[in-house]
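The chain contents come next:
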Amino acid sequence: MLLKEIKNIFHTELDVLYGKEEVSSFFYMLIEHYFNLERFVLAIQPELVISKEQETTIFKALSELKLEHPIQHIIGTSHFMEMDFMVNPHVLIPRPETEELVRWIIDDAKNAKKSLTILDMGTGSGCIPISLDTYLTDAKVSGLDISLDALEVAKENNKRHGTQVIFFQADMLNLKHEIKYDIIVSNPPYVRELEKVDMRNNVIDHEPRIALFVPDEDPLKFYRAIVSFASKYLNEKGCLYLEINQYLGTEMKLLLQEYEFQTIELRKDMYGNDRMLKGSKK
Ligand code: GLN
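So, how was this worked out
- Residue positions within a chain follow its written sequence, with the count starting from 1.
- In view of the model being predicted, local features appear only for residues whose pLDDT reaches at least 70, and side-chain atom pairs are presented and counted only at 80 or more, with totals across whole chains, interfaces and linings using the full set of residues.
- In computing side-chain properties, one takes all heavy atoms of the structure into account and sets aside hydrogens as well as water.
- The way it works is that DSSP assigns letters per residue, a run of H or I at least four long becomes a helix, a run of E at least two long becomes a strand, and they are numbered from the N terminus.
- By the criterion applied in these results, polar contacts are pairs of N or O atoms within 3.5 Å in which, for protein atoms, one can donate a hydrogen and the other can accept it, and in which residues neighboring in sequence qualify only through two side-chain atoms.
- In this analysis, two residues are considered to be in contact whenever any of their non-hydrogen atoms come within 4.5 Å of each other.
- The buried label goes to any residue with under 20% of its type's maximum accessible area, the exposed label to any with over 50%, and the partly exposed label to all in between, with areas taken from a 1.4 Å probe on protein chains only.
- Two strands make a pair as long as DSSP finds a minimum of two bridges between them.
- The axes used here are C-alpha line fits, helices contributing only the stretch in contact, and every angle between their N-to-C directions lies in the interval 0 to 180 degrees.
- Between the first and last residue of a helix there are one fewer steps than residues, each counted as 1.5 Å, and that sum is the expected span.
- The arc under discussion is defined with respect to the helix axis, by the directions toward the C-beta atoms.
- When a carboxyl oxygen of Asp or Glu lies within 4 Å of a side-chain nitrogen of Lys or Arg, that pair is called a salt bridge.

Draft legend 1. Spatial organisation of the environment of Gln54. Tracing the backbone through its elements, the reader meets Gln54 in helix α4 (residues 52-66). It is 9.6 Å that separates the C-alpha atoms of Gln54 and Met1, two residues lying 53 residues apart in sequence. Polar side-chain contacts of Gln54 include one of 2.9 Å to the backbone nitrogen of Ser51.

Here you go:
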């Protein structure tokens with residue numbers, strides 16, 4: 001079958017669900033992942049034919065997309081900070097907003113005079129600590145998660161990238177600890193049940209609830225634990241970086257003030273939403 005015919009089938013079957021532009025992007029991601037074909041291939045080889053076997057592969061992906069499986073689960077990887085991370089339904093798919101948080105840390109930390117110690121709380125795929133370990137070569141980076149399934153993914157990603165992040169299991173709501181850090185970072189669950197109406201099925205049905213949702217009546221549940229922990233386990237002048245719920249910026253700033261964090265800074269993400277917060281210890 002001609003590759004361009006397959007592209008047309010993708011549009012006929014999926015445009016109603018995702019829109020033309022996103023379907024094109026899925027199609028190119030798939031041919032790149034499965035057949036190692038670059039996205040401009042159709043422009044230079046409009047009559048390109050693919051084999052029966054390749055047809056089966058790409059139609060299987062099409063049927064998964066129809067069921068609203070995330071594209072990252074279909075290809076098994078997600079791009080983050082110019083790196084490919086293994087993902088599966090046990091971990092949150094890395095988001096572009098989280099890259100902005102990681103870049104903020106790297107910008108602040110790249111000229112540090114000493115080797116920094118960093119902890120990521122609720123690490124999931126490990127994308128945050130692994131990219132920090134990659135870009136801040138002198139840092140000593142750790143990541144914790146309550147989910148052993150998630151930690152397995154994180155450790156696999158650590159291996160893939162040749163990074164030295166120390167991953168360990170712990171419950172951030174009940175954390176006993178000894179060591180202090182220079183930087184603590186977290187992107188904990190923060191989506192309220194009431195916000196589900198704004199979310200897409202591929203997120204609600206296929207990403208881990210444990211990594212996403214918090215009760216409507218206690219949306220800062222994880223942040224209280226993290227901020228309290230950070231107030232005790234950050235070194236002098238250490239910094240806390242958080243990804244936050246866009247609607248709770250004010251509440252989050254108050255929480256950091258309550259724990260006497262200094263120079264509190266709230267930043268917007270690329271979509272103009274309050275998404276990142278930094279505070280430092282005295
Ligand atoms: N930003 C993610 C989403 O909208 C949520 C991440 C989180 O809960 N930490 O799906």
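Draft legend 2. Region of the structure containing the environment of Phe261. Residue placement: Phe261 occurs in the loop between α12 (249-258) and β10 (262-268). Distance from Phe261 to Ser231, taken between C-alpha atoms, is 7.7 Å for residues 30 residues apart in sequence. Those residues within four positions of Phe261 in sequence are excluded, and the remaining contacts are Val227, Ala230, Ser231, Leu234, Leu240, Leu256, Gly279, Ser280 and Lys281.

Draft legend 3. Highlighting unusual backbone geometry. Of note, the phi angle at Glu68 is positive, near 65°, even though the residue is not glycine. Examined against the element boundaries, Glu68 turns out to sit in the loop between α4 and α5 (71-75). Unlike most non-glycine residues, Glu82 shows phi in positive territory, near 60°. Position of Glu82 among the secondary structure elements: in the loop between β1 (77-80) and β2 (83-86). Given a relative accessible area of 58%, Glu82 falls into the exposed group.

Draft legend 4. Molecular detail of the sheet that holds β10. The mixed open sheet is built from 7 strands, whose spatial order is β5-β4-β3-β6-β9-β11-β10. Bordering the open sheet on either side are β5 (166-169) and β10, each of which pairs with just one other strand. Taking the axes of each pair of neighbouring strands and ignoring which way they run, one obtains an average angle of 15° across the sheet. Pairing of β10 with strand β11 (residues 274-280), which is carried by 5 bridges, proceeds in the antiparallel orientation.

Draft legend 5. Spatial organisation of helix α8 (residues 148-161). The end-to-end C-alpha separation of α8 is 20 Å, in line with the 20 Å expected for 14 residues at 1.5 Å each. Among the residues of α8, Ala150, Leu151, Val153, Ala154, Asn157 and Asn158 are the ones counted as buried. Down the axis of α8, the smallest arc covering the buried residues is 160°, so these residues share one side. Of the exposed residues in α8, those oriented more than 90 degrees away from the buried face are Leu148, Glu152 and Lys159. Contacts made by the buried residues of α8 are with β2, α7 (127-135), β4 (140-145) and β5. Once α8 ends, the next one or two residues include Gly162, with phi positive near 65°.

Draft legend 6. Region of interest: the pattern of salt bridges. Within the structure shown, the criterion is met by 19 salt bridges. Note that Arg95 is salt-bridged to Glu207, the shortest N-O span being 3.1 Å. Highlighted residues: Arg95 in the loop between β2 and α6 (96-109) and Glu207 in the loop between α9 (201-204) and α10 (209-212), separated in sequence by 112 residues. In this structure, Arg192 and Glu195 form a salt bridge, with 2.4 Å as the shortest nitrogen-oxygen distance. One exposure class covers both Arg192 and Glu195, and it is buried. In the salt-bridge network here, residues are joined through shared partners; they are Glu82, Glu99 and Arg103.

Structural measurements only, silent on function.
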